[in-house]
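# Descriptive structure summary
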Amino acid sequence: MATSAFVALACAFIIGLGAIGACIGIAIMGGKYLEASARQPELMNALQTKMFLLAGLIDAAFLIGVGIAMLFAFASPF
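Quick caveat, the model's predicted, so the values are computed rather than measured.

Criteria and thresholds
Residues numbered from 1 in each chain as written. Predicted model: local features only at pLDDT ≥ 70, side-chain atom pairs only at ≥ 80, totals over all residues. Heavy atoms only, no water. Patch = residues over 30% accessible without salt bridge, like charges linked within 9 Å, V, L, I, M, F, W, Y side chains within 5 Å. Areas by Shrake-Rupley, 256 points an atom, 1.4 Å probe, with all protein chains shown as cover. Salt bridge = Lys/Arg side-chain N within 4 Å of Asp/Glu carboxyl O. Helix = DSSP H or I, 4+ residues; strand = E, 2+ residues; numbered from the N terminus. Expected span 1.5 Å × (residues − 1). Buried < 20%, exposed > 50% of the residue type's maximum accessible area, 1.4 Å probe, protein only. Contact = heavy atoms within 4.5 Å. UniProt positions renumbered as here; feature names shortened; annotations may be inferred. Disulfide = S-S within 2.5 Å.

On the surface, a cluster of nonpolar side chains totalling about 730 Å² of accessible area is made up of Phe6, Leu9, Phe13, Leu17, Ile20, Ile24 and Ile28. Turning to its location among the elements, Leu17 is positioned in helix α1 (residues 3–39).

If you want it as structure tokens, here you go:
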């Protein structure tokens, strides 16, 4: 197989596994937020702020992986 085929396969794995991980992370975080806000409704605003901050960080990690995959796909160093 050519090196470009391996690069395409690696890019698919980076993006696919990153997307799965980000989705699972946000789903777990959202569930925990709902549990916490149901237990202590007076802390809902503080928890919501922290939840959105964490959602942004989770998505940022996935987008960094997408950027690295695009670097390998379009400007392949190999």
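After that view, the rundown keeps rolling.
Helix length check: α1, at 37 residues, gives a terminal C-alpha distance of 54 Å against a target of 54 Å (1.5 Å per residue), a fit within 8%. Listed as buried for α1 are Val7, Cys11, Ala22, Met29, Gly30, Tyr33 and Ser37. Where α1 is buried, its residues touch α2 (44–74).

Structurally, Met29 is set in helix α1. With 22 residues separating them in the primary sequence, Met29 and Met51 have C-alpha atoms 7.2 Å apart. Excluding anything up to four places from it in sequence, Met29 contacts Met51, Leu54 and Ala55.

Following the UniProt record, the feature "transmembrane region" (unreviewed entry) maps to residues 6–30 and 51–75 here. Helix makes up 100% of residues 6–30 and strand 0%, with an end-to-end C-alpha separation of 36 Å. Secondary structure across residues 51–75 comprises 96% helix and 0% strand; the distance between its end C-alpha atoms is 36 Å.

In a disulfide, the sulfur atoms of two cysteines are held together by a covalent bond. Here the structure, examined in full by the defined rule, presents 0 disulfides. Considering cysteine sulfurs only, Cys23 is the nearest to Cys11, which forms no disulfide, with 19 Å between them.

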